Amino acid sequence: MFLPKYPDSPTPPPAHTHTPTDTPVPVRRSLPSVSIDQKAVIALVVGGVVLTALLAAVALTAISVAVAAVVLRSMLRDHHRR
């Protein structure tokens, strides 16, 4: 009759065995360096100043138009009441 072979030690093998890997960890590639010259920085700063000035001019114009509209509305209301 055939009997199964049992291990000699009564303790079961560990469920998780850690095997060290010999493969190297992949190295992260760095982004290519971008050379920024002084002219590009100056152009960027000048462009930012110009755009900021234009935005301020548009905001000032909108406020002026709103104030003029309120004044004209008030004057026309007073004119129609007479």
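For the structure itself, look to the data block above.
Residues numbered from 1 in each chain as written. Predicted model: local features only at pLDDT ≥ 70, side-chain atom pairs only at ≥ 80, totals over all residues. Heavy atoms only, no water.

Asker: Kindly report on the overall build of the chain, identifying the contributing residues and their values.
Answerer: Looking only at helices and strands, the chain features one helix and zero strands. When each of the 82 residues of the chain is scored for burial, the buried share is 0%. Accessible surface, the chain: about 9000 Å² in total, of which carbon and sulfur atoms supply 69%. (Helix = DSSP H or I, 4+ residues; strand = E, 2+ residues; numbered from the N terminus. Buried < 20%, exposed > 50% of the residue type's maximum accessible area, 1.4 Å probe, protein only. Areas by Shrake-Rupley, 256 points an atom, 1.4 Å probe, with all protein chains shown as cover.)

Asker: An account of a nonpolar patch on the surface is requested, with residue identities and associated values reported.
Answerer: A surface patch of nonpolar side chains, about 500 Å² in accessible area, is lined by Val34, Ile36, Val41, Val45 and Val49. Mapped onto the elements of the fold, Val49 is located in helix H1 (residues 38-81). (Patch = residues over 30% accessible without salt bridge, like charges linked within 9 Å, V, L, I, M, F, W, Y side chains within 5 Å. Salt bridge = Lys/Arg side-chain N within 4 Å of Asp/Glu carboxyl O.)

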